[in-house]
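So the chains spell out like this:
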Amino acid sequence: MKIAALENNILAIVAGTFAATIAAEDIEPQFHALTHFPDRRARSELGDLAERLNQFGA
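The shown structure was predicted, so the numbers you read here are calculated from the model rather than taken from an experiment.

Draft legend 1. Layout of the packing of aromatic side chains. What the rule picks out here adds up to 0 aromatic pairs. Residue placement shows R40 over the ring face of F37; its charged tip is 3.9 Å from the ring centre.

Quick look at the structure:
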């Protein structure tokens, strides 16, 4: 079962009646002190989260 999809830097999560979206630009500021490329890190983290959620759904 596919729970999450990452398209155009936006993670869409749908599980039953729950639905949420997380945009990379919304979480990017959280990575400013951690990396020189916070935009890349935000996209990477959302991709990793989508993968983990889909593995959980399977």
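Draft legend 2. Representation of the pairing of strand β2 (residues 10–15) in the model. Where strand β1 (residues 4–7) lies against β2, 4 bridges are found, and the strand directions are antiparallel. Each bridged residue has a counterpart across the sheet, and for L6 the counterpart in β2 is L11. Between β1 and β2, which pair antiparallel in sequence order, lie 2 residues; one of them, N8, sits at a positive phi of approximately 50 degrees. Two strands pair when backbone bridges link them, and β2 and strand β3 (residues 18–23) are joined in this way by 6 bridges, in the antiparallel orientation. Pairing of L11 across the sheet is with I22, part of β3. Connecting β2 to the antiparallel partner β3 that follows it, the hairpin turn spans 2 residues, and G16 within it adopts a positive phi of roughly 65 degrees.

Scoring rules and cut-offs
Residues numbered from 1 in each chain as written. Predicted model: local features only at pLDDT ≥ 70, side-chain atom pairs only at ≥ 80, totals over all residues. Heavy atoms only, no water. Phe/Tyr/Trp six-rings, centres within 6.5 Å; stacked < 30°, edge-to-face > 60°. Lys NZ or Arg CZ within 6 Å of the ring centre and 35° of its normal. Pairing = 2+ DSSP bridges. Helix = DSSP H or I, 4+ residues; strand = E, 2+ residues; numbered from the N terminus.

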